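Fold and geometry: a report
Okay, here's what each chain looks like letter by letter:
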Amino acid sequence: MRQSNGYIIFYAAVLTVVCGGLLAFASQSLKPLQDANVELERKQNILATVIELKDGDDINAIYAARVKESVIDASGNVKEGVKAADVDVVKEYKKNPTERLLPVYEFRNESDPSKVDNVVLPIYGFGLWNDIWGFVAFKSDLNTIQGVKFQHKGETPGLGARIESEEVQERFKGKSVFDGDVLNSVVMQKGEGNDYSNDPHKVDGMSGATLTAKGVNNMLLDYLTCYKGYLKKNQQNVSLNTNL
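Reference entry: report on the structure contained in this document. Here the structure is a predicted model, which is why all the values come from computation and not from measurement.

A count of helices and strands for the protein chain gives five helices and nine strands. Listing the helices and strands of the protein chain from first to last along the sequence gives α-α-β-α-β-β-β-β-α-β-β-β-β-α. A fraction of 52% describes how many contacts in the protein chain between residues 6 or more apart in sequence connect residues 24 or more apart. Approximately 14000 Å² of the protein chain is accessible, and the part contributed by carbon and sulfur atoms is 54%.

Rendered as structure tokens:
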């Protein structure tokens, strides 16, 4: 039996409302699990810059035992009452650098929790096509890089997307960001296949991905400049404690 146009429109409207309601319900029901997975990935990426994680490691337990979170301003002062996990780095990136909230993750010594082995800092920027982000970890001198973790949204596979590869990220280990009081950062060079092992501020580039490399360089310099007050202040504290 042929139905009227009004019936068809009514049926389609009801179906749309029902399906929309089911999708909304599913989305809300799954949100806690999705949020938990996002939080787990954040912790895993932070830990991956300082230790080698193995299959089966309890990320939440390791993080709770070894990492102390805080949030600072551009002068290196701690912002009381603000949790690092609540800071949206994407929103902060859009602010004037002097107004950003800056999370800090201190990785504590396993046998002596009062001792800081590493400090991990989040970074954010723009590559060739879209956003890039990650974490940079420092040794206790707050100058030497312990490790980095880069990620991207839309860089070219096989070219700029290589910033996620262990091969590229390994190049940053052991490099220095300061030369005395001057922040030189670490700069990925143009071209690939060159040896920069004797230069503390340069790493080999990525063939065919010069603009992505520039994005990484800008990201590092931008955020290390934001964290400079914190790094220099605590470098002094490390030096004083060493001389005691």
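This is not the end of the story, as more comes after the structure.
Moving on: the nonpolar core. Phe 138, Phe 172 and Leu 231 are the most contacted members of the largest nonpolar core, which totals 35 residues. Secondary structure elements with two or more residues in this core: strand S2 (102-108), strand S3 (116-126), strand S4 (131-139), strand S5 (145-152) and helix H5 (210-243). The element that contributes the greatest number of residues to this core is H5, accounting for ten residues. Beyond its immediate stretch of four places on either side in the chain, Phe 138 contacts Asp 117, Asn 118, Val 119, Leu 121, Asn 143, Thr 144, Ile 145, Gln 146, Val 177, Leu 224 and Leu 231.

Strands sit in the order S1-S2-S3-S4-S5 across an open sheet of five strands; the sheet is antiparallel. The strands lining the two open edges of the sheet, one partner per strand, are strand S1 (67-72) and S5. On average, each strand axis in the sheet is tilted by 20° relative to the strand beside it, whichever way the strands run. With six bridges joining them, S1 and S2 adopt antiparallel strand pairing. Along S2, the bridge assignment pairs Ser 70 with Val 104. Across the sheet, helix H2 (residues 59-66) lies against S1, S2 and S3, angled at about 65° from S1, the strand it touches most.

Cut-offs used in this document
- Residues numbered from 1 in each chain as written.
- Predicted model: local features only at pLDDT ≥ 70, side-chain atom pairs only at ≥ 80, totals over all residues.
- Heavy atoms only, no water.
- Helix = DSSP H or I, 4+ residues; strand = E, 2+ residues; numbered from the N terminus.
- Contact = heavy atoms within 4.5 Å.
- Areas by Shrake-Rupley, 256 points an atom, 1.4 Å probe, with all protein chains shown as cover.
- Core = buried A, V, L, I, M, F, W, Y, C linked by side-chain atoms within 4.5 Å.
- Buried < 20%, exposed > 50% of the residue type's maximum accessible area, 1.4 Å probe, protein only.
- Pairing = 2+ DSSP bridges.
- Axes fitted to C-alpha atoms, helices over the stretch in contact; angles between N-to-C directions.

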